[in-house]
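Residue-level listing of the chains:
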Amino acid sequence: MNTSPHTLLVNPTITSRSSARFPLSLLHLAAALDRHGRSTVVDGNVDRDVVDATLRALDVDRFDAVGISVMGGPQMAPAIAVSRAVRERHPGLPIVWGGYFPTLYTDTALGASYVDYAIRGQGEETLPELLAALARPDRDVSRIAGLSWKDTDGHLVHNPNRRFTMDDPGVVLPYDKLGDPRRYLARTFLGERTVAHQAAIGCRFRCTFCGVAAMFGGTTRLPAVARLDRDLTYLKHHLGADSIQYVDHNFFDREEEMIPLLEVMARHELPWWCYARSDALLKLQESTWKQVRKSRLRMAYIGAESPSGAMLKEIRKGTRPDQTLEVAELCRRHGVIPELSFMVAPPENTEEETAQTFEFIRELKKINPAAEIIVYVYTPLPETSRHEKDRGKRPSTPLRDRHGQPVVFPTTPEAWTEKRWVDYACHADAPWVSDDLRRRIRDFVTVLRCRYPTVQDMRSPAWAKRGLSAMASWRYRRRRYDTPWELNLANRLVRLRLPQASGL
C-alpha cells in the first residue's frame, strides 16, 4: 500500500471549456509534491461539474489534503462550493486554500469554516512542508513559512512570509495529470495551436493596485536558458504547439538577461504574446529588437494605466504618459501590436480622469491604429492586502462610494460572490462610479471596439468587422459615443470578442 502523502489539487471553474488554458500554478505544485509524494489534479475549466469531479476523485483514492487554487471574481463561488462539498463528505480532510485570494485576503479566507489553512504567495515549498507536518504526531505547523492557520482556540495565526524562490524541477511539468494536454491548445490569432506557458515569475515593480506586487513583493526570477529550451522543445515537438502565450507577470525585465532567452525562442520559431512595460521596451537596443523580431513576438500587453503623470506616480507605476506614446510608435516600427490597458474612473477626479483617458486613447490610435486598447475600471487593493513591505508607505486616500460613505470590503468569501464585488475583482465596476459615468464608459468602449475590431477576434467574419467599423466611424470621428443603439444591436449579431473579458 502506498503511504506517501497524496494531495488532491483543484482548480475551480473560471472560464469556458473552449477558453481553458493549462492550470500552471497547480502543475507547478504537482511537480513539487511528486518529489516526496503524489498528487492528482482536477481542473474545473475542463471538468465542468467541478464539485462532482472532486468528490469522485476523493471516493476512488486516499488523500491527505485538498488544495484549492482561489482567485477573486467568478472563481469564488465554485471554490466555496467545492470546499463545502468536501467538508460535508469528508469532514476530517484538511482543506488548503492558495493563490491570489488567500494571499491578499488571508483573514477573510481563514474565517470560513471550510478552510483550514491558507498559503500566502508561492506554495511549491509551503504545501509539501504542510503535508509533512500533518503526517507527524504533533502536527506542528508553526514553523512553516508562508502559512496561515487556526490554532485550537480558533485564533488566526500568520507565520512569517516565505522567501521568494524559483526552483527548476529538472523535468517538464506533469501535463499528463490533465488527461490529454492537447485539449488545452487553442486557435488564436497567433496560431492554430496556441499554448499557455510561464517562463519567469514575479515582477520587481511595486504598483499599489497590483496583486502581483502584493504576492511577490517586488521580486522576479527569470528561467535558466536550459529550462526554457527544454520546455519549448516539449510544447512544440511533443504537444504540437505552434505559438505561445507567455503569462509571465512581466516578461521583459533586464535586457542582458533577456537576450539568451530570446535566442532560444528564435530557434523554436513560435509566435508569441506576453506582458511587458513601456519603459522596458523603450530601453532595448536595436540589436535586441532584431532578436525580438527573430523570436516572432506578435503582441505585447502593456499596462499604460493612465495619461495622468500624477496618477501614475500615485500608484507607483514607474512609467510616464509620454513613454506610452513612444512605445506605441516603437511597436509600430517593429511590427509588434501593443495591447495597451487603461484604468478609468479612479476614486479621485473621477470624471476628469476618465475624459482625459478617452482623449489620450484617440491620440494613441493616431500614432498606431493597430494598437489594441483595453479599458478597465480602477479598483485598488485595500491597504491590508498590500505586501507587508509596502503597507503604510504612501497610503492611498481612503476610498468612498458615490454617496460619500467609506468603502467597506467584504469580510467573508460568500460576500465576495455578490455581483458588485465580482465586478470589483474583475475591474468592471467600483462603488464610486455613478450610473451615468458607467454608461458613458460602456458607450465609449462600444464605439471604440466597433471602430477598431480586435485582431484577436477569430470568430467574426472579416466582412462583419468591416461593416461594424464603418457603422462606428461617424460616431468615433465626431465623439458621439452616447447611446450607440445601432452598434449594440449589430453586436448582438456579430458578437465581437472582448479581450478584457475573455483574454487571448
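You'll find the structure just up there.
A brief structural summary. Treat the numbers as computed from the prediction; the structure is a model and nothing was measured. (Residues numbered from 1 in each chain as written. Predicted model: local features only at pLDDT ≥ 70, side-chain atom pairs only at ≥ 80, totals over all residues. Heavy atoms only, no water.)

Attention now moves to the overall build of the protein chain. Assigned secondary structure in the protein chain consists of 19 helices and 16 strands. Seen along its three principal axes, the alpha-carbon backbone of the protein chain occupies a region of about 70 × 55 × 45 Å. When burial is assessed residue by residue, the protein chain has 56% of its 504 residues classed as buried. Of the roughly 22,200 Å² that the protein chain leaves accessible, carbon and sulfur atoms contribute 51%. Of the charged side chains in the protein chain, 72 are positive and 62 negative, and the gap between their average positions amounts to 5 Å. (Helix = DSSP H or I, 4+ residues; strand = E, 2+ residues; numbered from the N terminus. Buried < 20%, exposed > 50% of the residue type's maximum accessible area, 1.4 Å probe, protein only. Areas by Shrake-Rupley, 256 points an atom, 1.4 Å probe, with all protein chains shown as cover. Lys, Arg positive; Asp, Glu negative; His and termini not counted. Charge placed at Lys NZ, Arg CZ, Asp CG, Glu CD.)

In contact at an axis separation of 9 Å, helix 13 (residues 321–333) and helix 14 (residues 350–367) are set at 25 degrees when each is read in the N-to-C sense. The angle between helix 13 and helix 14 places the two elements in the roughly parallel class. When the axes of helix 13 and helix 14 are compared, the crossing they make is right-handed. In this structure, helix 13 uses Pro321, Thr324, Leu325, Ala328, Glu329 and Arg332 to contact helix 14, whose residues at the interface are Phe360, Glu363, Leu364 and Ile367. Split by residue class, the contact of helix 13 with helix 14 holds six nonpolar, one polar and three charged. (Axes fitted to C-alpha atoms, helices over the stretch in contact; angles between N-to-C directions. Parallel < 35°, antiparallel > 145°, perpendicular 65-115°, else oblique. Left-handed = near helix turned anticlockwise from the far one by under 90°. Contact = heavy atoms within 4.5 Å. Nonpolar A, V, L, I, M, F, W, Y, C, P; charged D, E, K, R; others polar.)

Another point: the nonpolar core. With 141 residues, the main nonpolar core has Phe22, Trp97, Leu235, Tyr246, Phe252, Trp272 and Leu281 as its most contacted residues. Not counting chain neighbours up to four residues away, the residues in contact with Leu235 comprise Phe22, Tyr175, Val195, His197, Gly240, Ala241 and Ile244. Core analysis: the second largest hydrophobic core is formed by eight residues, Trp273, Tyr301, Ile337 and Tyr376 among them. (Core = buried A, V, L, I, M, F, W, Y, C linked by side-chain atoms within 4.5 Å.)

Bringing the sheet that holds strand 8 (residues 186–188) into the picture now. In space, the seven strands of this open sheet follow the order 8-9-12-13-14-15-16, with mixed pairing throughout. The open sheet terminates on both sides in strands that have one partner only, identified here as strand 8 and strand 16 (372–377). On average, adjacent strands in this sheet sit at an angle of 30 degrees to one another, irrespective of strand direction. Here strand 13 (residues 272–276) runs beside strand 14 (residues 297–305); their pairing, made up of five bridges, is parallel. Across the sheet, residue Ala276 finds its bridge partner in strand 14, namely Ile302. (Pairing = 2+ DSSP bridges.)

With that settled, consider the pattern of salt bridges. One pass over the structure, following the stated rule, counts 31 salt bridges. Residue Arg62 pairs with Asp64 through a salt bridge whose shortest N-O separation is 2.8 Å. The salt bridge partner of Arg479 is Glu359, with a shortest N-O separation of 2.9 Å. Residue Arg479 is located in the loop between helix 17 (462–478) and helix 18 (485–494), and its partner Glu359 is located in helix 14; the two are separated by 120 residues in the primary sequence. Taking the relative accessible area as the measure of exposure, Arg479 reaches 41% and is therefore partly exposed. Bridged by salt links that share partners, the residues Glu351, Asp436, Arg439, Arg440 and Asp443 form one connected network. (Salt bridge = Lys/Arg side-chain N within 4 Å of Asp/Glu carboxyl O.)

Moving on to the environment of Trp149. Looking at the secondary structure, you find Trp149 in strand 6 (residues 147–150). The exposure class of Trp149 is buried, given its relative accessible area of 15%. Considering only alpha carbons, one finds Trp149 and His197, 48 residues apart in sequence, at a separation of 32 Å. Here Trp149 is in contact with Leu110, Asp116, Tyr117, Val141, Ser142, His155, Leu156, Val157 and Asn159, once residues within four sequence places are set aside. There is a polar contact of 3.0 Å between the side chain of Trp149 and the side chain of Asn159. (Polar contact = N/O pair within 3.5 Å; in protein donor to acceptor, adjacent residues only side chain to side chain.)

Right, let's talk about the sheet that holds strand 1 (residues 6–11) for a bit. Ordered in space as 2-1-3-4-5-6-7, the seven strands form an open sheet in which the pairing is mixed. The strands lining the two open edges of the sheet, one partner per strand, are strand 2 (38–43) and strand 7 (156–158). Strand-to-strand twist across the sheet, computed as the mean angle between neighbouring axes with direction ignored, equals 20 degrees. On the sheet, helix 2 (residues 50–60) packs against strand 1, strand 2 and strand 3 (65–69) and is oriented at approximately 170 degrees with respect to strand 1.

Right, let's talk about the pairing of strand 16 for a bit. Extensive coverage of strand 16 is indicated by the burial of six of its six residues. Side chains Glu372, Ile374 and Tyr376 of strand 16 all project onto a buried face; the interleaved residues Ile373, Val375 and Val377 project onto the opposite face, where all are buried too. Relative to strand 16, strand 15 (residues 337–344) runs parallel, the two being bridged by six bridges. The residue of strand 16 that forms the bridge with Ser341 is Ile374. Between strand 15 and its parallel partner strand 16, the chain crosses via helix 14, and the hand of that crossover is right-handed. (Right-handed = clockwise from strand over helix to strand, strands pointing away.)

Now for helix 9 (residues 255–268). The periodicity of an α-helix, 3.6 residues per turn, causes residues three or four places apart in sequence to face the same way. For helix 9, with 14 residues, the first-to-last C-alpha span of 20 Å sits near the 20 Å given by 1.5 Å per residue. Close packing links the buried residues of helix 9 with helix 8 (225–238), strand 12 (243–246), strand 13, helix 10 (278–283) and helix 11 (286–295). Backbone geometry just downstream of helix 9 places Glu269 in the positive-phi region, at approximately 55 degrees. (Expected span 1.5 Å × (residues − 1).)

Moving on, we get to the packing of aromatic side chains. For any two aromatic rings, the description comes down to two numbers: the centre-to-centre distance and the angle of the planes. What the rule picks out here adds up to 28 aromatic pairs. Between Phe444 and Tyr481 the ring centres are 5.0 Å apart and the planes differ by 90 degrees, which places this aromatic pair in the edge-to-face class. Separated by 37 residues along the polypeptide, Phe444 in helix 16 (residues 435–451) and Tyr481 in the loop between helix 17 and helix 18 bring together distant segments of the chain. Taken as a pair, Phe444 and Tyr481 share a single burial class, namely buried. Linked through ring pairs, Trp97, Phe101, Tyr105, Tyr114, Phe409, Trp416, Trp421, Tyr424 and Trp432 together constitute an aromatic cluster. When the ring centre of Tyr476 is taken as origin, the NZ or CZ atom of Arg362, which lies over that ring, is 4.3 Å away. (Phe/Tyr/Trp six-rings, centres within 6.5 Å; stacked < 30°, edge-to-face > 60°. Lys NZ or Arg CZ within 6 Å of the ring centre and 35° of its normal.)

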